[in-house]
Amino acid sequence: MKTVHIIGAGIAGLGAAHFLAAQGIQSVVYEAADHIGGRAAGSIEEGTLFEVGGKNFSSQWPRFNALLKEFDIHEHDAQHPDFHIVLKDKLVKLDKRRTLSGDLHLAMQLGLRGSLQLRDFLGYSRKHADELNY
């Protein structure tokens, strides 16, 4: 039997190992860090879970949510309505909710070229959502 070698014990690597195991395929996961979870890592402080990694997981991801349900994971940090990114060497707070003021603020921060690139990216993402929804 062949073994699949997976580099990285983040959510993608662990998910790949899990789905391979469900198909009866053996895998080995390699991780350079001293913890698993990658950008989806969490920390429990005084009985409360805090996600310390990326906030890009979405309730719209059926496979990710199915994996959480399968592992009986119910406690997680709620997604925040805003996020921070660095634009032109400045930390900028952006609102994830679709509002006119939020969209205008984002457009002002991105500039014309960045706004057009974002529009194209979002259009592509919507058109190919089924293919990208992993």
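For the structure, check the block above.
Just so it is clear, the structure is predicted and the values come from calculations on it, not from any experiment.

Engineer: Before we move on, can you summarise the overall build of the protein with the specific residues and values?
Structural biologist: Within the protein one finds four helices and six strands. Tracing the protein from N to C terminus, the helices and strands come up as β-α-β-β-β-α-β-β-α-α. The proportion of buried residues among the 134 residues of the protein is 17%. Accessible area of the protein: about 10600 Å², with a carbon and sulfur share of 59%.

Engineer: Any details on the environment of K93? Residues and values, ideally.
Structural biologist: Its location among the elements puts K93 in strand 6 (residues 90–95). Through-space distance from the C-alpha of K93 to that of Q109 is 9.8 Å; in sequence the pair is 16 residues apart.

Engineer: Can you tell me about helix 1 (residues 11–22), naming the residues and giving the values?
Structural biologist: Taking 1.5 Å per residue, twelve residues should reach 16 Å; helix 1 reaches 16 Å between its end C-alpha atoms and fits that length. Along helix 1, the residues classified as buried are G13, G15, A17, H18 and L20. The inward-facing, buried residues of helix 1 abut strand 1 (3–7), strand 2 (26–30) and helix 2 (62–70). Count one or two residues on from helix 1 and you reach G24, which has phi positive near 80 degrees.

Engineer: Residues and numbers for the side chain of H18, please.
Structural biologist: Tracing the chain through its elements places H18 in helix 1. Taking relative accessible area as the criterion, H18 reaches 17% and is therefore assigned buried. Side chain to side chain, H18 and E70 meet in a polar contact 2.7 Å long. Ignoring anything within four residues of it in the chain, the contact list for H18 reads L67, E70 and F71.

Engineer: A description of the pattern of salt bridges should follow, citing residues and the corresponding values.
Structural biologist: All chains considered together, the criterion is met by one salt bridge. Put simply, R119 and D120 hold a salt bridge, and the shortest N to O gap is 2.9 Å. Residue classification places D120 among the partly exposed residues on the basis of a relative accessible area of 47%.

Engineer: Describe in detail a nonpolar patch on the surface, supporting the description with residues and values.
Structural biologist: Together, I7, V28 and Y30 line one region of the surface with nonpolar side chains, adding up to about 300 Å² of accessible area. With respect to the helices and strands, the residue Y30 is situated in strand 2.

Engineer: Run through helix 2, naming residues and quoting values.
Structural biologist: Every buried residue of helix 2 is accounted for by F64, L67 and L68. End-on view of helix 2: buried residues confined to an arc of 100 degrees, all on one side of the axis. Away from its buried face by more than 90 degrees, helix 2 exposes K69 and E70.

The rules behind the values
- Residues numbered from 1 in each chain as written.
- Predicted model: local features only at pLDDT ≥ 70, side-chain atom pairs only at ≥ 80, totals over all residues.
- Heavy atoms only, no water.
- Helix = DSSP H or I, 4+ residues; strand = E, 2+ residues; numbered from the N terminus.
- Buried < 20%, exposed > 50% of the residue type's maximum accessible area, 1.4 Å probe, protein only.
- Areas by Shrake-Rupley, 256 points an atom, 1.4 Å probe, with all protein chains shown as cover.
- Expected span 1.5 Å × (residues − 1).
- Contact = heavy atoms within 4.5 Å.
- Polar contact = N/O pair within 3.5 Å; in protein donor to acceptor, adjacent residues only side chain to side chain.
- Salt bridge = Lys/Arg side-chain N within 4 Å of Asp/Glu carboxyl O.
- Patch = residues over 30% accessible without salt bridge, like charges linked within 9 Å, V, L, I, M, F, W, Y side chains within 5 Å.
- Arc of directions from axis to C-beta.

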